[in-house]
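# Descriptive structure summary
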Amino acid sequence: VQTCALPIYIDYIKQTWPDCPVVLVHRDDDACLGWWVKCGHFDITYPDYREYFRDLRTMSQIIRRQNAAIRRACDEYPGQTPATNLQLARMLGIQIPDRDYYQNYAESDIKVTLI
């Protein structure tokens, strides 16, 4: 099983842009695949995954590898874990999203880490 080199990329980002925060976001493997299918899977117009990921089994394997890399990165680079998108926006120093776009990460089954 091939692994994803996410921590290597994070090292590069942190060395090249030391003042830029990195936001790691993931769902559990099955939830991630389910959300992707719900959003249109291979039928979405952008990004077009069909050239790279030809079937759900392959996409599931890729999601599993990417999520494993994200979990390793969260272990290797402990950071802050905002509870909502409003809290994340404050931590990043960016505009607070409108209340219509409020998201509680635990309720949405999303894990967010800011490193």
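Up top you'll find the structure we're talking about.
Quick notes on the rules
Residues numbered from 1 in each chain as written. Predicted model: local features only at pLDDT ≥ 70, side-chain atom pairs only at ≥ 80, totals over all residues. Heavy atoms only, no water. Core = buried A, V, L, I, M, F, W, Y, C linked by side-chain atoms within 4.5 Å. Buried < 20%, exposed > 50% of the residue type's maximum accessible area, 1.4 Å probe, protein only. Helix = DSSP H or I, 4+ residues; strand = E, 2+ residues; numbered from the N terminus. Contact = heavy atoms within 4.5 Å. Pairing = 2+ DSSP bridges. Expected span 1.5 Å × (residues − 1). Arc of directions from axis to C-beta. Polar contact = N/O pair within 3.5 Å; in protein donor to acceptor, adjacent residues only side chain to side chain. Phe/Tyr/Trp six-rings, centres within 6.5 Å; stacked < 30°, edge-to-face > 60°. Lys NZ or Arg CZ within 6 Å of the ring centre and 35° of its normal. Axes fitted to C-alpha atoms, helices over the stretch in contact; angles between N-to-C directions. Parallel < 35°, antiparallel > 145°, perpendicular 65-115°, else oblique. Left-handed = near helix turned anticlockwise from the far one by under 90°. Nonpolar A, V, L, I, M, F, W, Y, C, P; charged D, E, K, R; others polar.

In terms of nonpolar packing, the biggest core is built from eight residues, these being Ile 10, Val 22, Leu 24, Ile 70, Ala 73, Cys 74, Tyr 77 and Ile 115. The element that contributes the greatest number of residues to this core is helix H3 (residues 56-76), accounting for three residues. The contact partners of Ile 10, leaving out residues within four places of it in the chain, are Leu 24, Ala 73, Tyr 77 and Ile 115.

Residues of strand S1 (residues 23-26) alternate between two faces, with Leu 24 and His 26 buried on one and Val 23 and Val 25 left unburied on the opposite face. Bridge count for S1 against strand S2 (residues 111-114) is four bridges, and the pairing is antiparallel. Paired with Leu 24 across the strands is Thr 113, a residue of S2.

As a further point, take H3. A rise of 1.5 Å per residue sets the reference length of H3, with its 21 residues, at 30 Å; its end C-alpha atoms lie 30 Å apart and thus fit the reference within 8%. Of all the positions in H3, only Met 59, Ile 62, Ile 63, Asn 67, Ala 69, Ile 70, Ala 73 and Cys 74 are classed as buried. In an axial view of H3, the angular spread of the buried residues amounts to 160°, which keeps them on one side of the axis. In H3, those exposed residues whose orientation departs by more than 90 degrees from the buried face are Arg 57 and Asp 75. A distance of 3.3 Å separates the backbone nitrogen of Arg 57 from a side-chain oxygen at the start of H3, and that oxygen is part of Asp 55.

Turning next to the packing of aromatic side chains. As enumerated under the stated definition, the model contains one aromatic pair in all. A ring pair is formed by Tyr 12 and Trp 17, whose centres lie 5.8 Å apart and whose planes are at 90°; its orientation type is edge-to-face. Judged by relative accessible area, Trp 17 falls into the partly exposed class, the value being 44%. Above the plane of the ring of Trp 35 lies Arg 27, whose end atom (NZ or CZ) is 4.7 Å from the centre.

Our next topic: the packing of helix H2 (residues 29-38) against H3. The interhelical angle for the contact between H2 and H3, taken along N-to-C directions, is 130°, at an axis separation of 9 Å. Taken together, H2 and H3 sit at an angle that is classed as oblique. Along this stretch, H2 crosses H3, giving a crossing that reads as right-handed. Packed against H2, whose contacting residues are Asp 29, Cys 32, Leu 33, Trp 36 and Val 37, the element H3 presents Leu 56, Met 59, Ser 60, Ile 63, Arg 64, Asn 67 and Arg 71 at the interface. Partitioned by chemical class, the residues of the contact of H2 with H3 number seven nonpolar, two polar and three charged.

A few words now on the side chain of Thr 113. With respect to the element layout, Thr 113 can be found in strand S2. Judged by its relative accessible area of 10%, Thr 113 falls in the buried class. With residues near it in sequence (within four places) discarded, Thr 113 still touches Val 22, Val 23, Leu 24, Cys 74, Gly 79, Gln 80 and Thr 81.

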